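Coordinate analysis (summary)
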Amino acid sequence: MDSAAIRYHGDELYEALVAGTTVPNLRDRVPGITIVDAYHIQARMIERRIAAGETVVGKKIGVTSKAVQNAIGVFEPDFGILTSAMAYEDGATVPMDALIQPKAEAEIAFVLKRDLKGPGVTAADVLAATDHVRACFEIVDSRITGWDIRIQDTVADNASCGVYALGSEKIDPRDVDLALAGMWAERNGEQVAVGVGAAVQGSPANAVAWLANTLGRLDMPFLAGEVILSGALGPMFPVEEGDEIAMRIGGIGDCKLTFGRRTAHA
């Protein structure tokens, strides 16, 4: 793809985000689009968000568990950029006007205490560079109509980032077996998802190491203080206005969110 096309589609996705609308998938409209093209489009979308006053606060890894891969028909990991506008507090009410077609994922977030740059990063290096881990709800969202996505579509759309919230408890990752950490999640008091850390590439620390090495080849280090979302421990589930969701990860903690009513977008 040439630079004009990359700019066009990055702007298109950003404007859909702002307007709360969707666009048709890219793979059918841009024959031959590659994953590299898609990451360039993502970068343009993030450039627009930064120009609007947001700051980069971390990264997210997507499509790491078989459950999520099966749900959306994508069969390799991807990554996206977290910005300041995406962050919510544990227990917050998320305005549905900020979302389009949201789904919730329960995962483990790593908060770094020092920089980490690949290649050559191991899971042990990740643990050593991590200040603490927390339970996390990532609310994924898609600017692609009907979640009709494959890998190029979700990558271009910033790995379907929506918003996220970190639990209040901060745990040293060396004090818990991340691979064996069990997760349950409920919506309005009913269980909707269960999972375990091993669903994320054997361990969430492996997923973070994968991303550190992937970004290292692009000269993009993890920075001290950044939040790294390591991927869903179980299946995603849809959320609607008025829903209350809660989750707990064994040995790590819990997280809750409520979703407000729509006003701007009926």
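Treat the numbers as computed from the prediction; the structure is a model and nothing was measured. (Residues numbered from 1 in each chain as written. Predicted model: local features only at pLDDT ≥ 70, side-chain atom pairs only at ≥ 80, totals over all residues. Heavy atoms only, no water.)

1. Here's the deal with the pattern of salt bridges
All chains considered together, the criterion is met by 16 salt bridges. For Glu-241, the salt bridge identified is with Arg-261, shortest N-O distance 3.6 Å. Here Glu-241, found in the loop between strand 11 (237-238) and strand 12 (244-249), pairs with Arg-261, found in the segment after strand 13 (253-259); they are 20 residues apart in sequence, far enough to count as distant. Ionic pairing is found between Arg-248 and Asp-254, a salt bridge with its closest N-O pair at 3.4 Å. In this structure, a network of salt bridges that share partners links the residues Asp-11, Glu-15, Arg-44, Glu-47 and Arg-48. (Salt bridge = Lys/Arg side-chain N within 4 Å of Asp/Glu carboxyl O. Helix = DSSP H or I, 4+ residues; strand = E, 2+ residues; numbered from the N terminus.)

2. With respect to helix 3 (residues 35-51)
Here helix 3 is 17 residues long and its end C-alpha atoms lie 24 Å apart, about the 24 Å a rise of 1.5 Å per residue gives. Within helix 3, burial applies to Asp-37, Ala-38, Ile-41, Gln-42, Arg-44, Met-45, Ile-46 and Arg-49. Residues of helix 3 that are buried sit in contact with helix 1 (3-19), helix 2 (26-29), strand 2 (78-83) and helix 6 (151-156). A positive phi of about 115° marks Gly-53, the residue just after helix 3. (Expected span 1.5 Å × (residues − 1). Buried < 20%, exposed > 50% of the residue type's maximum accessible area, 1.4 Å probe, protein only. Contact = heavy atoms within 4.5 Å.)

3. Some details on the side chain of Asp-153
Turning to its location among the elements, Asp-153 is positioned in helix 6. Within the local environment of Asp-153, its side chain forms a polar contact with the backbone nitrogen of Leu-26, the two atoms lying 2.8 Å apart. Among the polar contacts listed, one links the side chain of Asp-153 to the side chain of Arg-27, at a separation of 2.6 Å. Setting aside chain neighbours within four positions, we find Asp-153 in contact with Asn-25, Leu-26, Arg-27, Ile-144 and Asp-148. (Polar contact = N/O pair within 3.5 Å; in protein donor to acceptor, adjacent residues only side chain to side chain.)

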